Amino acid sequence: MKKQSYTIAENRLVATKTYKLVLEGEGLVDGEFVNLEIPGFYLRRPISVCDAEEGRITLYYKTVGKGTAFLADLPEGSKIGVLTGLGRGFDADACKEEALLVAGGLGAAPLYLLAKKLKAQGKKVNVVLGFNKADEIVLVDEYKALCDSFELATLDGSAGIKGFVTDAISAMKPNYDFFYTCGPMVMMRAVCGALEGSGEASLEERMGCGAGFCYCCSIHTAAGTKRVCKDGPVFKKEDIIW
Amino acid sequence: MVKDLSIELCGIKLANPVVPASGTFGFGLELADSFNLNILGGISLKGTTLEPRYGNPTPRVAECHDGMINSVGLQNPGIDALVSQKVPALRKVYDGCIIANISGFSIDEYRTCCAKADACEGIDIIEVNISCPNVHNGGMAFGTSPDAAADVTRAVKSVCKNKPVFIKLSPNVTDIVAIARACEDAGADGLTLVNTFLGMRIDIKQRKPVIANTMGGYSGRAVFPVALRMVYQVAHACKIPVMGCGGVASAEDVIEMMMAGATAVQVGAENLRNPFACPEIIEALPDKLEDLNIESIKDIIKVV
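Residues numbered from 1 in each chain as written. Chains lettered and ligands numbered in written order. Predicted model: local features only at pLDDT ≥ 70, side-chain atom pairs only at ≥ 80, totals over all residues. Heavy atoms only, no water.

**Considerations on the overall build of chain A**
Scanning chain A for helices and strands turns up five helices and 15 strands. Since a compact globule built from 242 residues should have a radius of gyration of about 18 Å, the 17 Å found for chain A is in line with a globular shape. Viewed in the frame of its principal axes, chain A has a C-alpha envelope of about 45 × 40 × 35 Å. Across the 242 residues in chain A, those meeting the buried criterion constitute 56%. The long-range fraction of contacts in chain A, counting pairs at least 24 apart against all pairs at least 6 apart in sequence, stands at 61%. For chain A, the computed accessible surface area is about 10,200 Å², with 49% contributed by carbon and sulfur atoms. (Helix = DSSP H or I, 4+ residues; strand = E, 2+ residues; numbered from the N terminus. Rg over C-alpha atoms; globule rule 2.2 N^0.38 Å. Buried < 20%, exposed > 50% of the residue type's maximum accessible area, 1.4 Å probe, protein only. Contact = heavy atoms within 4.5 Å. Areas by Shrake-Rupley, 256 points an atom, 1.4 Å probe, with all protein chains shown as cover.)

The structure is reproduced here in C-alpha cells:
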C-alpha cells in the first residue's frame, strides 16, 4: 500500500449518475482498487481500477451519497489523496485459453482491466455487459474494440437484449474455460449459479480501512473468514457463501 | 535539533509515546509492508478472547461527521493463536512495546487469557478491555460499574506476575473517575482511556440502522475534547500512568493529551482514514516540540 497524491485530469458525467475519473500521478498502480480521500469526509471511498497505465488511473463511480456527490464536483486540476496497491484482483492466469466476463452496471469497470490483461496474454475474451437502462451504459465501445465477442443486455430492453445478463449469456452461448463476474450481489449469485465450471466474482462490502487491518469487511467463506478488502475483493466461486 | 521523544510506562521504555490503538492496527503485521513498524512507540494488538470469534454481521462500519462507528465485535483468532502465532510473527519484525489487548465474557475468561498473555515472551504490557461496546454480556458490562471493574482487575492481577496490567476504560459511564480509582485500588498498573462511545446511525432511505448490529462504537476526531477531559480527570485523580486515547489525529493532539496527563498516547480511528497517521505524527513531533521550546516530551506529562 502506498499513499500518493494524484491530479484529476478528467471528471466527467458519462451516463446517468455515472462519472469517469482519470487521475494523473507517478508510477504504475497495482491492486484491484484505490481508496480516495474526499475532502470533508471521514472515511475514504474505495473505487475499482478500470484501467492503469504509467502515471495514469481510470476509474468509474456512481454518485450514491454525499461523498461521491462531492467527488463529482471536484474540478479538473484538483489534487486528490489516493491509497494505492489495495485488494487482490482477478487471476488472469486461471483462464487457459478462453474467458467469459460478465458484468452488471459499474462491474464493467474492473473487468476492463482484466480483459486487457487476458488479451495481452493472447487469450480469447467473451464479454457480456448488463445495465438497467440504455442511459446507464458505459464502456461498450472500449469492450467492443478489445474483445472477441460481445453481448449487451438491459433490463428494460432499451438497448441490446431485453433481460438479465444470464439471458444474454444464453443468447451468446460462449465457449470459455474460466469465467469472471462483477456487479450487484444478486446478479453475481445468479451468474455463479447458472454457469458451469470455475470462475471468480468480485464482492462488495462496506469497508473501514480498505487495507486489511480493521476487519470491518470480514465475511464468511468456504475457506474461512476473509477480509473483502485484502483477501478479496475477488473470490473463487467455490468459496463464496451467498 | 534532536528531541527526546522517549517515555516510560511502568518501567518499560518506549521510543516515543505514539501507540496505534487496539482494533485499528490489526495484529501489527498487516501494516509491516507499508512502513517500518519500528518507528512506533508501541502497538496495541486487536482485542483477543479465549475462543476464536468471527464477530458481528456486516455492515460493521458507518461514517459520521469527523468520525465513524464500528461494530466489528472482537473478531480474533483466540488467545492461543495470539501467543503462539501472532505475537511471535510480529516480534520478528518489531522491537518496540507490544501490548496484548484482552477481552472476555466472564471473569474466568479474562483470568485465563491474561495468564496466557503473561506467559508469552513477546508481550510487554497487558491491556484489559472492559469497555467494548460491541459484544453482549461482556466487554463494557464489566467497565460500567466500579465493583465489576475492580473484580476483573483483581482477577487478572492475581495471574499476571510478569507484566504490567493496564485496564482500558469505557467513556459510557456517569463517573469515569470512580471506575478508574476502583481499578487503581484493585491493583491496576495503569489505565487506558477511552474506548469508543456507544453510537448509532440510521439509513433514512431504508429506514433501518446502518450498522447490522444496530449500535456500535463511535470514535474519531470529534471525540477528542471529551476523551481529553476524561484523561485529565483520571490522570489527576490516580497515581498510575494513563495511556490517552480518543480522536488523536496530529502531533498537537499528542502533546495536548500528554499535557492533560497521558504518559503515552494511542491513535485509533485516524489509522483507518490514514494508515500512515502514526508515522506521520511521530515525524511531526520534534518540530512541534521545538516550536514550544520543549526538550524532552516527558516534561509535559500532566503539566496542565
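After that view, the rundown keeps rolling.
**Side note on the sheet that holds strand 6 (residues 67–70) of chain B**
Residues and elements named next belong to chain B. Judged by pairing direction, the sheet is antiparallel, and its four strands sit side by side in the order 5-6-14-11 without closing on themselves. Each having just a single partner strand, strand 5 (61–64) and strand 11 (197–199) make up the two edges of the open sheet. Taking each pair of neighbouring strands and ignoring which way they run, the sheet shows an average axis angle of 35 degrees. With four bridges joining them, strand 5 and strand 6 adopt antiparallel strand pairing. Considered in strand 6, the bridge of Cys 64 is made with Gly 67. (Pairing = 2+ DSSP bridges. Axes fitted to C-alpha atoms, helices over the stretch in contact; angles between N-to-C directions.)

**Observations regarding the interface of chain A and chain B**
The interface is formed by 26 residues belonging to chain A together with 35 residues belonging to chain B. Summed over both partners, the interface of chain A with chain B comes to about 2,600 Å²; 57% of that surface belongs to carbon and sulfur atoms. Looking only at chain A, the three residues that lose the most surface to chain B are Tyr 42, Phe 213 and Tyr 215 of chain A, adding up to 35% of its buried area. Among the ionic pairs, Lys 3 of chain A bridges to Glu 280 of chain B, the shortest N-O distance being 2.6 Å. (Buried area = accessible area lost by both parts, 1.4 Å probe. Salt bridge = Lys/Arg side-chain N within 4 Å of Asp/Glu carboxyl O.)

**Examining helix 5 (residues 185–194) of chain A**
All names here are of chain A. All of the buried residues in helix 5 are Met 187, Met 188, Val 191 and Cys 192. End-on view of helix 5: buried residues confined to an arc of 130 degrees, all on one side of the axis. The exposed set on the far side of helix 5, more than 90 degrees from its buried face, consists of Val 186 and Gly 193. On its buried side, helix 5 packs onto strand 7 (98–104), helix 4 (165–172), strand 11 (178–182) and strand 12 (199–202). (Arc of directions from axis to C-beta.)

**A word on the domain arrangement of chain A**
Residues and elements named next belong to chain A. For chain A, the domain assignment lists domain 1 (2–86) and domain 2 (92–239). Distance between the C-alpha centres of domain 1 and domain 2: 21 Å. The interface of domain 1 with domain 2 comprises 19 residues on the first partner and 20 residues on the second. Carbon and sulfur atoms supply 62% of the area that domain 1 and domain 2 bury against each other, a total of about 1,600 Å² over both sides. It is Glu 32, Cys 50 and Tyr 60 that lose the most area in domain 1 upon contact with domain 2, and together they represent 30% of the buried surface on that side. Connecting domain 1 to domain 2 are two salt bridges. Across the pair Lys 116 and Asp 51 runs a salt bridge whose closest N-O atoms are separated by 2.9 Å. Inspection of the region where domain 1 meets domain 2 yields four residue pairs in polar contact (both at pLDDT 80 or more). Elements with a contribution of two residues or more to the side of domain 1 that touches domain 2: strand 1 (2–15), strand 3 (33–36), strand 4 (45–53) and strand 5 (56–62). The greatest single-element share of the side of domain 1 that touches domain 2, amounting to seven residues, is contributed by strand 4. (Domains from an automatic or database assignment. Polar contact = N/O pair within 3.5 Å; in protein donor to acceptor, adjacent residues only side chain to side chain.)

**Remarks on the environment of Phe 90 of chain A**
All names here are of chain A. Mapped onto the fold, Phe 90 is located in the loop between strand 6 (79–86) and strand 7. Residues Phe 90 and Val 127, spaced 37 residues apart in sequence, show a C-alpha to C-alpha distance of 15 Å. Apart from the residues lying within four places of it in its own chain, the contact partners of Phe 90 are Glu 32, Pro 110, Leu 111, Leu 114, Tyr 180, Thr 181, Cys 182, Glu 200, Ser 202 and Val 234.

**Observations concerning the pairing of strand 11 of chain A**
Residues and elements named next belong to chain A. Of all five residues in strand 11, five are buried, a share of seventy percent or more. The pairing of strand 7 with strand 11 spans five bridges and is classified as parallel. Note on strand 11: the bridge partner recorded for Leu 101 is Tyr 180. When strand 11 meets strand 12, the two strands line up parallel, connected through four bridges. Considered in strand 12, the bridge of Cys 182 is made with Ser 202. Between the parallel pair strand 11 and strand 12, the chain is carried across by helix 5, and the sense of this crossover is right-handed. (Right-handed = clockwise from strand over helix to strand, strands pointing away.)

**Considering the sheet that holds strand 8 (residues 124–131) of chain A**
Residues and elements named next belong to chain A. Sheet architecture is open: seven strands sit in the order 10-9-8-7-11-12-15, paired in mixed fashion. Strands at the two margins of the open sheet, each flanked by one partner only, are strand 10 (161–162) and strand 15 (234–236). Judged from the seven bridges that link them, strand 7 and strand 8 form a sheet pairing that is parallel. Each residue of the ladder has a partner; that of Val 102, found in strand 8, is Val 128. The sheet strands contacting helix 2 (residues 108–120) are strand 7, strand 8 and strand 11, and the helix crosses strand 7 at an angle near 165 degrees. Across the sheet, helix 5 touches strand 7, strand 11 and strand 12, and the angle it forms with strand 11 is around 165 degrees.

**Focus on unusual backbone geometry**
The omega torsion across Gly 232 of chain A and Pro 233 of chain A is 15 degrees, close enough to zero to call that bond cis. Mapped onto the elements of the fold, Pro 233 of chain A is located in the loop between strand 14 (224–227) and strand 15. Backbone torsion omega between Thr 58 of chain B and Pro 59 of chain B reads 0 degrees, so that peptide bond is classified as cis. Within the fold, Pro 59 of chain B resides in the loop between strand 4 (42–44) and strand 5. One non-glycine residue, Lys 173 of chain A, lies in positive phi territory at about 45 degrees.

**Observations regarding the side chain of Thr 196 of chain B**
Of note, Thr 196 of chain B is situated in the loop between strand 10 (190–193) and strand 11. Setting aside residues no more than four positions away along its own chain, Thr 196 of chain B makes contact with Asn 70, Pro 133, Pro 171, Asn 172, Gly 217, Tyr 218 and Ser 219 of chain B.

**Here's the deal with the nonpolar core**
Counting residues in each nonpolar core, the largest one holds 127 residues, and the members touching the most others are Val 128, Ile 130, Leu 169, Leu 191 and Leu 193 of chain B. Per element, the largest residue contribution to this core is seven residues, and it comes from helix 6 (residues 224–237) of chain B. When residues are assigned to domains, this core turns out to be shared by domain 1 (2–86) and domain 2 (92–239) of chain A, each giving three or more. Membership of the second largest hydrophobic core comes to 33 residues, among which are Leu 114, Val 127, Phe 150 and Ala 159 of chain A. (Core = buried A, V, L, I, M, F, W, Y, C linked by side-chain atoms within 4.5 Å.)

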